[in-house]
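# Observations on chain architecture
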Amino acid sequence: MSDNRQSLSDLANLTGQQAPAAAPQASAPQVDGTEAPAASVEPPRPTMPLRAQEIDAYGRAYATGRRKDAVARVWIKPGSGKITINGRDQEVYFARPTLRLVINQPFGVADRNGQYDVICTVKGGGLSGQAGAVKHGISQALTRYEPILRAPVKAAGFLTRDSRAVERKKYGKAKARRSFQFSKR
């Protein structure tokens, strides 16, 4: 087997460009006994380009949110902070305060409380799954309206679809894993 090692200078010969400088070595002692300062040249880190703002003709951003069996279609636009779900106010549709708290989490993380109106239609699942779906949809729509908010919303974990769902029932079992009661006699 032939030894096929290549260096940066070999790569430069292939491309016809000058080889990049090697990484700075540790500072070596000079003749007078002092150490020369090491050149701390840090390569510039590429910054992620901002995504394009996605707004429809009515000035709204749209996104779909999902959780368990619930699917929420969410539109947001600048406004007074009114949240409408299936034609009803959020206090009427989600009577439990914990569910309303879940829905408002993306606005709290992004420091945009009361700045956007939300219109949402949600189907499937129960109230808890629907609240999670609305939260996911609001987070997605918020990052489409203001792409700069993607970093804090993503860091909070709101852009990731929560894939946990109910495990299916198996044959020969009472539920997914629960066995029927064993009778010895």
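Throughout what follows, the structure given in this document is the object of discussion. Not measured: the values here are computed from a predicted model.

Cut-offs used in this document
Residues numbered from 1 in each chain as written. Predicted model: local features only at pLDDT ≥ 70, side-chain atom pairs only at ≥ 80, totals over all residues. Heavy atoms only, no water. Salt bridge = Lys/Arg side-chain N within 4 Å of Asp/Glu carboxyl O. Helix = DSSP H or I, 4+ residues; strand = E, 2+ residues; numbered from the N terminus. Buried < 20%, exposed > 50% of the residue type's maximum accessible area, 1.4 Å probe, protein only. Polar contact = N/O pair within 3.5 Å; in protein donor to acceptor, adjacent residues only side chain to side chain. Contact = heavy atoms within 4.5 Å. Pairing = 2+ DSSP bridges. Axes fitted to C-alpha atoms, helices over the stretch in contact; angles between N-to-C directions. Parallel < 35°, antiparallel > 145°, perpendicular 65-115°, else oblique. Nonpolar A, V, L, I, M, F, W, Y, C, P; charged D, E, K, R; others polar. Core = buried A, V, L, I, M, F, W, Y, C linked by side-chain atoms within 4.5 Å.

### Overview of the pattern of salt bridges
If you walk through the whole model with that rule in mind, you get seven salt bridges. Of the charged contacts in the structure, one is a salt bridge between Arg 177 and Glu 167, with a shortest N-O distance of 3.1 Å. Here Arg 177, found in the segment after helix H5 (150–155), pairs with Glu 167, found in the segment after H5; they are ten residues apart in sequence, far enough to count as distant. Each of Arg 67, Asp 162 and Arg 164 takes part in salt bridges that share partners, so that together they form one network.

### Looking at the side chain of Gln 130
Relative to the elements of secondary structure, Gln 130 occurs in helix H4 (residues 127–145). Judged by relative accessible area, which is 6%, Gln 130 ranks as buried. Polar contacts involving the side chain of Gln 130 include one to the main-chain carbonyl oxygen of Gly 124, which spans 3.1 Å. Apart from the residues within four sequence positions on either side, Gln 130 is in contact with Ala 70, Tyr 93, Phe 94, Val 122, Lys 123, Gly 124 and Gly 125.

### Describing the sheet that holds strand E3 (residues 83–85)
Two orientations exist for strands paired in a sheet by backbone hydrogen bonds: parallel and antiparallel. Taken together, the five strands give an open sheet; going across it, the order is E1-E2-E5-E3-E4, and neighbouring strands pair in mixed fashion. Looking at which strands have only one partner, the edges of the open sheet turn out to be strand E1 (61–67) and strand E4 (88–89). Pairing of E1 with strand E2 (residues 70–78) involves seven bridges; the strand directions are antiparallel. Within the sheet, the bridge partner assigned to Ala 63 lies in E2 and is Val 74. On top of the sheet, helix H3 (residues 97–109) reaches E3 and strand E5 (116–123); it is set at about 140° to E3, its chief contact.

### Focus on the packing of H3 against H4
When two helices pack together, their arrangement is given by the angle between their axes and by how far apart the axes lie. In contact at an axis separation of 8 Å, H3 and H4 are set at 10° when each is read in the N-to-C sense. Considering the angle they form, H3 stands roughly parallel to H4. Note on element contacts: H4 touches H3 through Leu 127, Ser 128, Ala 131, Gly 132, Val 134, Lys 135, Ile 138, Ser 139 and Leu 142, opposite Leu 99, Val 102, Ile 103, Gln 105, Pro 106 and Phe 107. Split by residue class, the contact of H3 with H4 holds ten nonpolar, four polar and one charged.

### Here's the deal with the nonpolar core
Soluble globular proteins tend to bury their nonpolar side chains together. Among the nonpolar cores identified, the biggest contains 29 residues, and Ile 76, Ile 85, Val 118 and Cys 120 are the most heavily contacted of them. Secondary-structure elements contributing two or more residues to this core are E1, E2, E3, H3, E5 and H4. For this core, the leading source of residues is H4, giving seven residues. Excluding residues within four positions of it along the chain, Ile 76 makes contact with Gly 59, Arg 60, Ala 61, Tyr 116, Asp 117, Val 118, Ala 141, Leu 142 and Tyr 145.

In short, geometric facts, not functional conclusions.
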